[in-house]
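Structural description and commentary
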Amino acid sequence: MMTALASLIIKIIFGKDWCIMMAMFFAQRVILGKTAYADVPAVLKPQVKELLEESGLGELVTE
């Protein structure tokens, strides 16, 4: 899991775009069954949930 400090450092280095790209990455992994939604880093869960729901796959959002 990503700690708050690591998250802050990544945000400073890469800006806001890293969040969108990582959320898309994790959403794709959840869709493919490679990662469970419960295993998505907490920082990214809201964005991943939104992406899955927009894709019509909201049923994959389970804790």
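Here goes a summary of the coordinates provided. Residue numbering note: each chain is counted from 1, following its sequence as written. Two thresholds apply to this predicted model, a pLDDT of at least 70 for residue-level local features and 80 or more for giving and counting side-chain atom pairs, whereas whole-chain, interface and lining totals are computed over all residues. Note: side-chain values were computed over all heavy atoms of the structure, leaving out hydrogens and water.

1. What to know about the environment of L60
Under the convention used in this document: Helix and strand labels come from DSSP, where a helix needs a run of H or I of at least four residues and a strand needs a run of E of at least two; each type is numbered from the N terminus. Exposure is judged per residue with a 1.4 Å probe applied to protein chains only, and the accessible area is read against the type maximum: over 50% gives exposed, under 20% gives buried, and values in between give partly exposed. Contacts between residues were defined by any pair of non-hydrogen atoms, one from each residue, lying within 4.5 Å.
Within the element layout of this structure, L60 appears in the segment after helix 3 (45-54). Look at L60 and you get partly exposed, because its relative accessible area is 28%. Taking C-alpha positions, L60 is 9.9 Å from A38, a pair spaced 22 residues apart along the chain. The residues contacting L60, other than those within four sequence positions of it, are V30, I31, Y37 and L52.

2. Looking at the packing of aromatic side chains
Definition in use: Any two of the Phe, Tyr and Trp rings considered here, Trp counted by its six-membered ring, make a pair once their centres fall within 6.5 Å; the pair's planes then place it as stacked at under 30 degrees, edge-to-face at over 60, or tilted in between.
Taken as a whole and judged by the stated rule, the model has one aromatic pair. Taking 5.4 Å as the distance between ring centres and 80 degrees as the angle between the ring planes, the aromatic pair formed by F25 and F26 counts as edge-to-face.

3. Notes on helix 3
What counts here: Directions are taken from the helix axis to each C-beta atom, and the arc is the one they span.
Of all the residues in helix 3, the buried ones are K45, V48 and L52. Along helix 3, the residues classed as buried sweep out an arc of 65 degrees about the axis, all on the same side. The outward face of helix 3, more than 90 degrees from its buried face, is lined by the exposed residues P46 and E54. On the buried face of helix 3, the contacting elements are helix 2 (17-32). One or two steps after helix 3, the chain reaches G56, where phi turns positive at roughly 80 degrees.

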